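# Tertiary structure, described
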Amino acid sequence: MEQGLEVVLTDLQSSWNNLRHHTEEISSTRLLIRRGQAFNITLYFRNRAFQPDLDNVIFVVEMGPLPDLARGTRAVFSLASRGGPNSWIASLELNGANSLEVSLCAPPMAPVGLYLLKVHIDSFQGSITAYQLGEFILLFNPWCPEDTVYLDSEPQRQEYVMNDYGFIYQGNKNWIQPCPWNYGQFEENIIDICLQLLDKSLNFQIDPSTDYALRGSPVYISRVLCAMINSNDDNGVLNGNWSERYLDGINPAEWTGSVAILKQWQASGCQPVRYGQCWVFAAVLCTVMRCLGIPTRVVTNFDSGHDTDGNLIIDEYYDSTGRILENKKKDTVWNFHVWNECWMARRDLPPGFGGWQVLDATPQETSNGLYCCGPASVRAIKEGEVNLNYDTPFAFSMVNADCMSWLVYGGKKQKLHRDTNSVGNFISTKSIRSDERDDITEDYKYGEGSPQERRVFLKALQKLKAGRSHGAYQAGSQPSRAGPLSQGIPQDQDAPSLRPSDVVQVSLKFKLLNPPIMGQDISFVLLAFNMSPQFKDLKVNLSSQSLLHDGSPLPPFWQDTAFITLSPKEEKTYPCKIPYSQYSQYLSTDKLIRISALGEEKSSPEKILVNKIITLTYPSIMIHVLGAAIVNRPLSIQVMFSNPLSEQVTDCVLTVEGSGLFKKQQRVIIGILQPQHRGSITLETLPFKSGQRQIQANLRSNKFKDIKGYRNVYVEFGL
């Protein structure tokens, strides 16, 4: 009589499977597979070979605290069974003398996460033996056409899933600056931290079984993770801070990568890391989403609207000197704002609204009671379909709100101008296959000033009005503070209001005379041009103030008044200079200065407002790779830096990192740097991953926080 089959060894073939499933960068010893794609394992038996007519081999996979067949968190399937498209599948690959190689495949909509794999062997003798074969992690699969995150372009999959470094665009629309970032989604323990994030969510705390069952949906996962990156409702990853006071944490401008942040969150027992701002939230969410297999990119919107009352109008208030005032309603235009786009089908929406979806982890407004935003279909934003889930009205306002300028004096306010095209410019993301910037503005809106753009704006406004009046405003898109929609909106919306300069027939414009370099005086001129055949007598109040990148103004530190007489068709320049000694103590970390001019002409009540935002620049850190970069061979890296200021700086710390090159972030204490001093250090490292890599560096001091540099390195595999 045949003995029952006895399993003595299991080979999960982790190295081979991971290579085929594009997870070899995470590990070669742990099994990490993607849904909808087969993987092979081998069972070794003690006593005999597998006999198909005698032995029934039944596999069991389980995940979560309460595995359940009906919920899809438990599955039972055998070599003999043939399930439907939503079933796990097992098939025989090779039957050896005392081994059995089988191919297993998860359905393309299975929940992602950590699974336990078991086998039950029934040798038709009345006894069933059961074995735990091991654990594996199941991920989303953008290579599988049946997966809802399927992306049909290999170069895009390589960029938006596999690339572990990139650039986040900062500065202002006239000076767009790439900030290098180490996403590091395949670094050690990052996958475990991503799964831990899901288990720390409020969704899991409230109903673990339902939460696990829903983890097959990228829409669900993205909303959960979006809320978990900020810490407003939970023990999320990052505390947001826009106060300019960071003594009990890290200034957001100092970070150069996500890995240090995620590891600090885990090491501290899941206490929020201090501090983040929009680009840090977006970068960390990009790391987590790419790690789980959802194609993701980081997007910057210059002149980004934050409309708190849902009327698609951003109100800005100025005093008689041209200084921008704190807005009581908290409507602001952010100099730049950073969010994510994730690629997924949207089967919860009408056809045509899949593809790129906006996710914004920066805590601005609540959505269904939590601080998260999205996923909102980029196509829905472009078409003004603000009634579609999730948070599309808020996303629409970020790129397409109108901006209303008001002059405040003597307790009254006077409308200066309604600008229909100042919000949402140069929407940017890193290109695929290169370090260039891609402008994706046309994905979000029709050309400013075009009939389609105004038509979409009016459609969005009407949908918002209809939703409010019927009380049918979609849950998940309700701004936390409501206000009247018609307030301050002229009836003839198709025709933008005349600019005051068209009425007065005088134009004012600022022009920089040299690049605005930190530590040097800022020299510029005000250009005044008389477009009319009459003489013009102008009084122009000029002012300058620092801004935070979210549009919040700081007190003014420079003011001037110019009296300019213009002959018909004459142009004059009024020279201005702001010394470094005057602006240095007022500068924010964002290094943004707003210069404003408010002009009035004797014969007209109209006021002309112009402003220009300047981003002060630093010289970059220079990085030199000394010799060839080869896996497991020592590599020397020279980092050259300087103090750009004409004064001594203290507390200088240099940080250097790079996935595949350094096991952890390197911190070098430099101490004091004398005025204009140049220095360099050489670091030794042992590259441990081949392929295209990037080194990111940051120098901080008591006077500046974010002098950055980067260098791309190709690491050879070696022998």
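Nothing here was measured: the structure is a model prediction, and the numbers come from that model.

## Some remarks on the overall build of the chain
Along its length, the chain carries 14 helices and 36 strands. Rg of the C-alpha trace for the chain: 30 Å, near the compact-globule value of 27 Å for 719 residues, within the 12% margin. Each principal axis of the C-alpha atoms in the chain carries an extent, and together these give about 115 × 65 × 40 Å. Out of the 719 residues belonging to the chain, those deemed buried represent 57%. For the chain, the exposed area adds up to about 28,600 Å²; of that, 51% sits on carbon and sulfur atoms. Across the chain, the 68 positively charged side chains and the 74 negatively charged ones have centroids separated by 5 Å.

## A word on helix α7 (residues 259–267)
Those residues of α7 not exposed but buried are Val 259, Ile 261, Leu 262 and Trp 265. Relative to the axis of α7, the buried residues are bounded by an arc of 170° and lie together on one face. Those residues of α7 that are buried are in contact with β11 (175–182), α3 (190–199), β12 (238–240), β13 (273–276) and α8 (278–292). Looking at the residues trailing α7, positive phi occurs at Gly 269, about 75°.

## Notes on the sheet that holds strand β24 (residues 522–530)
Taken together, the three strands give an open sheet; going across it, the order is β23-β24-β27, and neighbouring strands pair in antiparallel fashion. What marks the edges here is a single partner per strand, and that holds for β23 (506–512) and β27 (571–578). Looking at each pair of strands side by side, their axes are set apart by 20° on average, direction ignored. One ladder, built from eight bridges, connects β24 with β27; its direction is antiparallel. By the bridge assignment for β27, Leu 527 is matched with Thr 573.

## Regarding the sheet that holds strand β1 (residues 7–11)
Pairing between the strands of a sheet comes from backbone hydrogen bonds, and it takes one of two forms, parallel or antiparallel. Strand order across the open sheet formed by four strands is β1-β3-β7-β6, with antiparallel pairing between neighbours. Every interior strand has two partners, whereas the edge strands, β1 and β6 (89–95), have only one. Between one strand axis and the next, the sheet turns by 25° as a mean value, whatever way the strands run. In this sheet, strand β3 (residues 38–45) lies alongside β1 in antiparallel orientation, the contact comprising four bridges. Paired with Asp 11 across the bridge in β3 is Thr 42.

## Overview of the packing of α3 against α8
For the pair α3 and α8, interaxial distance at closest approach is 10 Å and the crossing angle is 100°. By the angle between their axes, α3 is roughly perpendicular relative to α8. In this structure, α3 contributes Ile 190, Ile 191, Cys 194, Leu 195 and Leu 197 to the contact, and α8 contributes Thr 287, Val 288, Cys 291 and Leu 292. Among the residues making up the contact of α3 with α8, the classes are represented as eight nonpolar, one polar and no charged.

## Structural notes on the packing of aromatic side chains
For any pair of aromatic rings, the description consists of the separation of the ring centres together with the inter-plane angle of the planes. A complete count under the given rule lists 21 aromatic pairs for this structure. Summarising the aromatic geometry, the rings of Phe 524 and Trp 558 are spaced 5.8 Å apart at their centres and angled 75° between planes, so their arrangement reads as edge-to-face. One end of the pair, Phe 524, is in strand β24; the other, Trp 558, is in strand β26 (residues 553–566), with 34 residues separating them in the sequence. Neither residue differs from the other here; Phe 524 and Trp 558 are each classed as buried. Their ring planes at 20° and their centres at 5.5 Å tell us that Phe 557 and Tyr 586 sit as a pair that is stacked. Residue Phe 557 is located in strand β26, and its partner Tyr 586 is located in the loop between α14 (580–583) and β28 (592–601); the two are separated by 29 residues in the primary sequence. Among the residues examined, Phe 557 registers a relative accessible area of 9% and is labelled buried. Members of the aromatic cluster, each reached through a chain of ring pairs, are Phe 39, Phe 59, Phe 77, Trp 88, Tyr 115 and Phe 136. It is Arg 215 that lies over the ring of Tyr 212; its NZ or CZ is 3.9 Å from the centre. In this structure, Arg 223 is placed above the aromatic ring of Tyr 390, and the distance from its NZ or CZ to the ring centre is 4.2 Å.

## Comments concerning unusual backbone geometry
Looking along the chain, the bond that leaves Arg 274 and enters Tyr 275 is cis, with omega of 10°. Cis geometry marks the peptide bond from Gly 374 to Pro 375, where omega comes out at 0°. Looking at where Pro 375 falls in the secondary structure, it is placed in the loop between β17 (355–359) and β18 (376–377). We note that Cys 270 has phi near 65°; this positive angle belongs to a residue other than glycine. Tracing the backbone shows Cys 270 in the loop between α7 and β13. Classification of Cys 270 by relative accessible area gives buried; the value is 3%. The backbone phi angle of Phe 426 is positive, close to 50°, even though this residue is not glycine. With respect to the secondary-structure elements, Phe 426 resides in strand β21 (residues 425–430). What makes Phe 426 partly exposed here is its relative accessible area of 35%.

## Description of the side chain of Glu 316
Looking at where Glu 316 falls in the secondary structure, it is placed in strand β15 (residues 313–318). One buried charged side chain, Glu 316, makes no salt bridge at all; its nearest oppositely charged neighbour is Arg 594, positioned 4.1 Å away. A polar contact of 3.2 Å, which involves the side chain of Glu 316, links it to the side chain of Tyr 318. Residues contacting Glu 316, with those up to four places away along its chain left out, are Ile 324, Val 333, Cys 403, Met 404, Ser 405, Trp 406 and Arg 594.

## Observations regarding helix α10 (residues 392–400)
With nine of nine residues buried, α10 lies mostly within the body of the structure. Along α10, the positions that sit buried rather than exposed are Thr 392, Pro 393, Phe 394, Ala 395, Phe 396, Ser 397, Met 398, Val 399 and Asn 400.

## A short note on the confidence of the model for the chain
For the chain, the mean per-residue pLDDT works out to 92, and 94% of the residues sit at or above 70. Within the model, pLDDT remains below 50 along residues 472–497, and this stretch shows 63 contacts once partners closer than five positions in the same chain are excluded.

## Here's the deal with the pattern of salt bridges
This model, assessed by the stated rule, comprises 33 salt bridges. Put simply, Arg 215 and Asp 211 hold a salt bridge, and the shortest N to O gap is 2.5 Å. Note that Glu 453 and Arg 454 form a salt bridge whose closest N and O atoms lie 3.2 Å from each other. Taking relative accessible area as the criterion, Glu 453 reaches 1% and is therefore assigned buried.

## Considering the environment of Ile 522
Following the sequence through the fold, Ile 522 ends up in strand β24. With relative accessibility at 2%, the residue Ile 522 sits in the buried group. Those residues in contact with Ile 522 that sit more than four places away from it in its chain are Leu 512, Cys 576, Lys 577, Ile 578, Tyr 583, Ile 593, Ile 614 and Leu 616.

Procedures and definitions
Residues numbered from 1 in each chain as written. Predicted model: local features only at pLDDT ≥ 70, side-chain atom pairs only at ≥ 80, totals over all residues. Heavy atoms only, no water. Helix = DSSP H or I, 4+ residues; strand = E, 2+ residues; numbered from the N terminus. Rg over C-alpha atoms; globule rule 2.2 N^0.38 Å. Buried < 20%, exposed > 50% of the residue type's maximum accessible area, 1.4 Å probe, protein only. Areas by Shrake-Rupley, 256 points an atom, 1.4 Å probe, with all protein chains shown as cover. Lys, Arg positive; Asp, Glu negative; His and termini not counted. Charge placed at Lys NZ, Arg CZ, Asp CG, Glu CD. Arc of directions from axis to C-beta. Contact = heavy atoms within 4.5 Å. Pairing = 2+ DSSP bridges. Axes fitted to C-alpha atoms, helices over the stretch in contact; angles between N-to-C directions. Parallel < 35°, antiparallel > 145°, perpendicular 65-115°, else oblique. Nonpolar A, V, L, I, M, F, W, Y, C, P; charged D, E, K, R; others polar. Phe/Tyr/Trp six-rings, centres within 6.5 Å; stacked < 30°, edge-to-face > 60°. Lys NZ or Arg CZ within 6 Å of the ring centre and 35° of its normal. Salt bridge = Lys/Arg side-chain N within 4 Å of Asp/Glu carboxyl O. Polar contact = N/O pair within 3.5 Å; in protein donor to acceptor, adjacent residues only side chain to side chain. pLDDT = per-residue confidence, 0-100.

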